[in-house]
Amino acid sequence: MGAAEAEGSTCRLNVHRFLPLTQAEGPGWRSCVWVQGCSRHCEGCFAPHTWSHEPRLLMRPEEVVAQTLKDERVEGITVLGGEPFEQPEPLATLLTLAWEARLSTVVFTGFTHKQLLDNDHPAIKEALSHIDVLIDGPYRQSERDLHRPLVGSANQRFLFLTERYAMDDFPPNKVEVRIGKDGSIALNGMGPVETLVRLMKKL
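K.L.:
Which residues make up the sheet that holds strand β4 (residues 30–35), and what values do they have?
P.N.:
Strand order in the open sheet formed by seven strands is β5-β3-β4-β6-β7-β8-β9, and the pairing between neighbours is mixed. Every other strand in the sheet has two partners, leaving β5 (57–59) and β9 (157–160) as the edge strands with one partner each. Direction aside, neighbouring strands of the sheet carry axes that sit 25° apart on average. The pairing of strand β3 (residues 13–22) with β5 spans three bridges and is classified as antiparallel. Across the sheet, leucine 13 pairs through a bridge with methionine 59, a residue of β5. Most of the contacts of helix α2 (residues 88–100) go to strand β6 (residues 76–80), to which it runs at about 165°, and overall it touches β3, β6 and β7 (104–108).

K.L.:
Just give me the short version of α2, but keep the residues and values in it.
P.N.:
For an α-helix, the turn length of 3.6 residues means that residues three or four places apart are oriented alike. For α2, spanning 13 residues, the distance from its first C-alpha to its last is 18 Å, which sits close to the expected 18 Å at 1.5 Å a residue. Those residues of α2 that fall on the buried side of the exposure criterion are Pro88, Pro90, Leu91, Ala92, Leu94, Leu95, Thr96 and Ala98.

K.L.:
I'd like a rundown of unusual backbone geometry, residues and numbers included.
P.N.:
Note: most peptide bonds trans; most residues except glycine with negative phi. Backbone torsion omega between glycine 81 and glycine 82 reads 15°, so that peptide bond is classified as cis. Backbone geometry places histidine 41, a non-glycine residue, at a positive phi of 55°. Along the polypeptide, histidine 41 turns up in the loop between β4 and β5. Histidine 41 gets classed as partly exposed once you look at its relative accessible area, which sits at 42%. Residues other than glycine seldom take positive phi values, yet arginine 102 does so here, at roughly 65°. You can see arginine 102 is positioned in the loop between α2 and β7. Look at arginine 102 and you get exposed, because its relative accessible area is 71%.

Rules and cut-offs
- Residues numbered from 1 in each chain as written.
- Predicted model: local features only at pLDDT ≥ 70, side-chain atom pairs only at ≥ 80, totals over all residues.
- Heavy atoms only, no water.
- Pairing = 2+ DSSP bridges.
- Helix = DSSP H or I, 4+ residues; strand = E, 2+ residues; numbered from the N terminus.
- Axes fitted to C-alpha atoms, helices over the stretch in contact; angles between N-to-C directions.
- Contact = heavy atoms within 4.5 Å.
- Expected span 1.5 Å × (residues − 1).
- Buried < 20%, exposed > 50% of the residue type's maximum accessible area, 1.4 Å probe, protein only.

Here is the structure:
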């Protein structure tokens, strides 16, 4: 797993996209961070645009949490990617700050929980100690299954590392559509590819 870059004394998270407010990425209103960079390259991955490790949007973890706390409706942060654990230092800092602010934390990873536990990197240990729900395992195209919220294959697991949430707290899959002032269209959430294609055609 790659080490995160540090700028001065403050690390930066390489971010593909940051969404301050969403209801499609976990329980309740949340902010969502898609990290940039993933070395796993799962066959059939729906987000290959997040694979490159080239810097995209470098954000301080403090900045992410500060923007999240601007809206009182937000109860937590969801981190996905990309592969969050390929940036262990800024990930750990982000989750620790979120934890201290009493925000809930949901993190996706292509690694298994055991692989992370077996890794001796101190930042990975710290990150794991500040996660409410870890959704682990690589996407496997041969096990494609969209019946559960937020995940794409049957092998992926919801691990409730604290008592904050249970499976019933995760709403059914939904897709959010945002139209920018410049006419650009952005989607987030989870749904069948066929549904997304039909939606884009209508838009």
